Amino acid sequence: MALRLDPVDWRILKELQADGSMTNVALASRVGLSAPPCLRRVRALEQAGLIAGYTVLLDEAALGFELTAFAMVGLHNQAEGELRAFENRVLGWPIVREAYMLSGESDYMLKCVAKDLPAFQEFVLDELTAAPNVASVKTFLTIRRAKREPGVPISVPEK
């Protein structure tokens, strides 16, 4: 049976998505509950798989990762086994932070974060274009990030 979400559940999800490090007491206060029932609801949302985990957003540049780029990858063969083999290879590349299979001209879009341009170029030349089944790679260097809003666009429904 799927979990039915009420407006309090939606507020919990919205608050945690904005700040996953807040204490249960702070969360309870923000959503209008006492701490024990708030914690029970959070645990139920976790068990239902609606909260997949908690993470920290790092400042890439402050940590010395100056370059964010995207690589559009075309494969020679799109058979399921070949797609899975490419995805498994992607899992082993730390420079690739996100990967999406696409419809259209390219088969995959990879978001890459690197220390600098030479590090990204080394990855593209030595790893990505050399990978089996890779037919084409087009890269795009970012100028600046205009928006960073992880998660989903939550609006709390009325009661």
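Residues numbered from 1 in each chain as written. Predicted model: local features only at pLDDT ≥ 70, side-chain atom pairs only at ≥ 80, totals over all residues. Heavy atoms only, no water.

Enquirer: A description of the nonpolar core should follow, citing residues and the corresponding values.
Expert: The biggest cluster of nonpolar side chains holds 21 residues, and the ones touching the most others in it are Phe86, Leu110, Phe120 and Phe123. Sort the elements by how many residues they give to this core and strand E1 (residues 67-75) lands first, with five residues. Non-local contacts of Phe120, meaning those with residues more than four positions away in its chain, are made with Leu67, Ala69, Ile95, Cys112, Ala114, Thr139 and Leu141. The next biggest cluster of nonpolar side chains, apart from the first, holds 13 residues, and it includes Met22, Ala28, Cys38 and Ile154. (Core = buried A, V, L, I, M, F, W, Y, C linked by side-chain atoms within 4.5 Å. Buried < 20%, exposed > 50% of the residue type's maximum accessible area, 1.4 Å probe, protein only. Helix = DSSP H or I, 4+ residues; strand = E, 2+ residues; numbered from the N terminus. Contact = heavy atoms within 4.5 Å.)

Enquirer: An account of the packing of helix H1 (residues 7-18) against helix H2 (residues 24-31) is requested, with residue identities and associated values reported.
Expert: Between H1 and H2, whose axes approach to 10 Å, the crossing angle comes to 130 degrees. Between H1 and H2, the crossing angle belongs to the class labelled oblique. Our pair here, H1 against H2, has a crossing hand that is right-handed. Residue-level contacts link Val8, Arg11, Ile12, Glu15 and Leu16 of H1 to Leu27, Arg30 and Val31 of H2. Considering only residue class, the contact of H1 with H2 consists of five nonpolar, no polar and three charged. (Axes fitted to C-alpha atoms, helices over the stretch in contact; angles between N-to-C directions. Parallel < 35°, antiparallel > 145°, perpendicular 65-115°, else oblique. Left-handed = near helix turned anticlockwise from the far one by under 90°. Nonpolar A, V, L, I, M, F, W, Y, C, P; charged D, E, K, R; others polar.)

Enquirer: Which residues make up H2, and what values do they have?
Expert: Among all positions of H2, only Leu27, Ala28 and Val31 are buried. Each buried residue of H2 sits inside an arc of 100 degrees when the element is viewed along its axis, so together they form one side. Exposed residues on H2 whose side chains face more than 90 degrees from its buried face are Val25, Ser29 and Arg30. Against the buried residues of H2 lie H1 and helix H3 (35-47). Downstream of H2 by one or two residues, Gly32 has phi in the positive range, about 80 degrees. (Arc of directions from axis to C-beta.)

Enquirer: With reference to specific residues and values, describe the packing of aromatic side chains.
Expert: Counted according to the given criterion, the structure contains three aromatic pairs. Note on Trp93 and Phe123: the rings are 5.2 Å apart at their centroids and 80 degrees apart in plane angle, and the pair reads as edge-to-face. With a gap of 30 residues between them, Trp93 in the loop between helix H4 (80-91) and strand E2 (96-101) and Phe123 in helix H5 (residues 117-128) connect regions that are remote in the sequence. Of the residues examined, Phe123 reaches a relative accessible area of 6% and is grouped as buried. (Phe/Tyr/Trp six-rings, centres within 6.5 Å; stacked < 30°, edge-to-face > 60°.)

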